[in-house]
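Coordinates in review
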Amino acid sequence: MQRLQRALDARGLGHVTAGPVDNTPTPDEPGHPEYHRRQRTQIAVNRWKNATPYRYQQAVATHPQVIGWADRATHDPRTAGILFLTGTFGTGKTHEAYGALRRIAEAGPDRFELLALTAPDMYALMRPNGSERGPEAEVKRLMRIPLLLIDDLGTEKISEFTEEATYRILNERYNECRPLIITSNLPVANPNGTDLHDQLGARITSRLAQTTTVVTLEGRDRRMGGAA
Ligand SMILES: Nc1ncnc2c1ncn2[C@@H]1O[C@H](COP(=O)(O)OP(=O)(O)OP(=O)(O)O)[C@@H](O)[C@H]1O
Ligand SMILES: [Mg+2]
């Protein structure tokens, strides 16, 4: 302190007295919650980008129910349940699904680990020699990953294998209340035509019925007319 005073005197800068020092970090400094939230956001958004196909890199959730689901999945994942996006071809289901995952990432959650894949790719992984990890390890990964997107469920050929694999994953995620997004061209229930119930069986759709936010996207096929 004395040395500082002498140095200031030498420069004619007057007298200084010791006072309280404001050590409170600003939002740009470590220690401030906002600083750490931004760091988490950066990591999460990078993970989201790596998991997202090029076409959906600009995806933003716009549907109010999708936004609501994503916010629940951010703040209290166990209450989010399943987000089921249905509608005909090209209505923006996959876009909304990746948009929902982006919204979660941008909030900077404590944990952001995701797997996003189409149902046919998911079944391929679970077949013998379908991956290096092996089928059982893949099933466990799909059960336990904090965020899972299964895109285009219901388009694959139905078999005992696909039904059993889907049941195991959905049942475990249902029991542990882990968030899940499903997109499908099929409605959950349709008395006048094919629905998910026909495709996947009652034990799966019964679980879907309880915890699912169903969002039906309507409108034209966005792919028609040369749009992106
Ligand atoms: N809100 C949006 N804003 C801009 N582009 C969009 C939007 N929603 C969808 N698109 C674009 O429209 C096209 C169709 O959307 P998307 O692939 O999400 O449809 P889909 O419902 O998943 O179709 P399918 O049932 O065939 O899988 C894509 O190229 C997508 O990038
Ligand atoms: Mg799609």
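So, here is what we can say about the structure in this document.

Here is what the cut-offs are and how they apply
- Residues numbered from 1 in each chain as written.
- Chains lettered and ligands numbered in written order.
- Predicted model: local features only at pLDDT ≥ 70, side-chain atom pairs only at ≥ 80, totals over all residues.
- Heavy atoms only, no water.
- Buried < 20%, exposed > 50% of the residue type's maximum accessible area, 1.4 Å probe, protein only.
- Helix = DSSP H or I, 4+ residues; strand = E, 2+ residues; numbered from the N terminus.
- Arc of directions from axis to C-beta.
- Contact = heavy atoms within 4.5 Å.
- Lys, Arg positive; Asp, Glu negative; His and termini not counted.
- Salt bridge = Lys/Arg side-chain N within 4 Å of Asp/Glu carboxyl O.
- Pairing = 2+ DSSP bridges.
- Axes fitted to C-alpha atoms, helices over the stretch in contact; angles between N-to-C directions.

It is worth spelling out unusual backbone geometry at this point. When glycine is set aside, most residues are seen to have a negative phi, and most peptide bonds are trans. Non-glycine residue N129 carries a positive phi angle of around 65°. Since its relative accessible area comes to 80%, N129 is described here as exposed. At D152, a position not held by glycine, the phi torsion is positive, near 65°. Inspection of the secondary structure assignment puts D152 in the loop between β3 (147–151) and α7 (160–175).

The next point concerns helix α9 (residues 202–211). For α9, the full list of buried residues reads I204, T205 and L208. Within α9, the buried residues cover an arc of 90° as seen down the axis, which keeps them to one side. Exposed and facing more than 90 degrees away from the buried side of α9 are A209 and Q210. In this structure, the buried side of α9 is in contact with β1 (82–86), α7, β4 (180–184), α8 (196–200) and β5 (212–216).

Glancing now at the side chain of E96. Take E96: it is sitting in helix α4 (residues 93–106). Buried within the structure, E96 lacks any salt-bridge partner; its nearest side chain of opposite charge belongs to R222, at an N-O separation of 6.5 Å. Sequence-distant contacts of E96, that is, excluding residues within four places in its chain, are made with V60, A61, T62, H63, V66, L85 and L217.

Turning next to the pattern of salt bridges. Applying the stated criterion across every chain yields a total of 14 salt bridges. Measuring nitrogen to oxygen at the nearest pair gives 2.9 Å for the salt bridge that ties R111 to E113. According to the relative accessible area criterion, E113 is partly exposed, its value standing at 29%. Where R203 meets E164, a salt bridge forms, and the shortest distance between an N and an O atom there is 2.8 Å. Taken as a pair, R203 in helix α9 and E164 in helix α7 lie far apart in primary sequence, 39 residues in all. Assessed through its relative accessible area of 32%, R203 is described here as partly exposed. The class for E164 is partly exposed, based on a relative accessible area of 39%. Three or more residues joined by partner-sharing salt bridges are found here, namely D28, E34, R37 and R38.

The next subject is the sheet that holds strand β2 (residues 114–118). Read from one edge to the other, the open sheet built from five strands follows the order β2-β3-β4-β1-β5, with strand pairing classed as parallel. One side of each edge strand has no neighbouring strand; the edge strands of this open sheet are β2 and β5. Strand-to-strand twist across the sheet, computed as the mean angle between neighbouring axes with direction ignored, equals 10°. Against the sheet, helix α3 (residues 64–75) engages β1, β4 and β5, with an angle of about 155° to β5.

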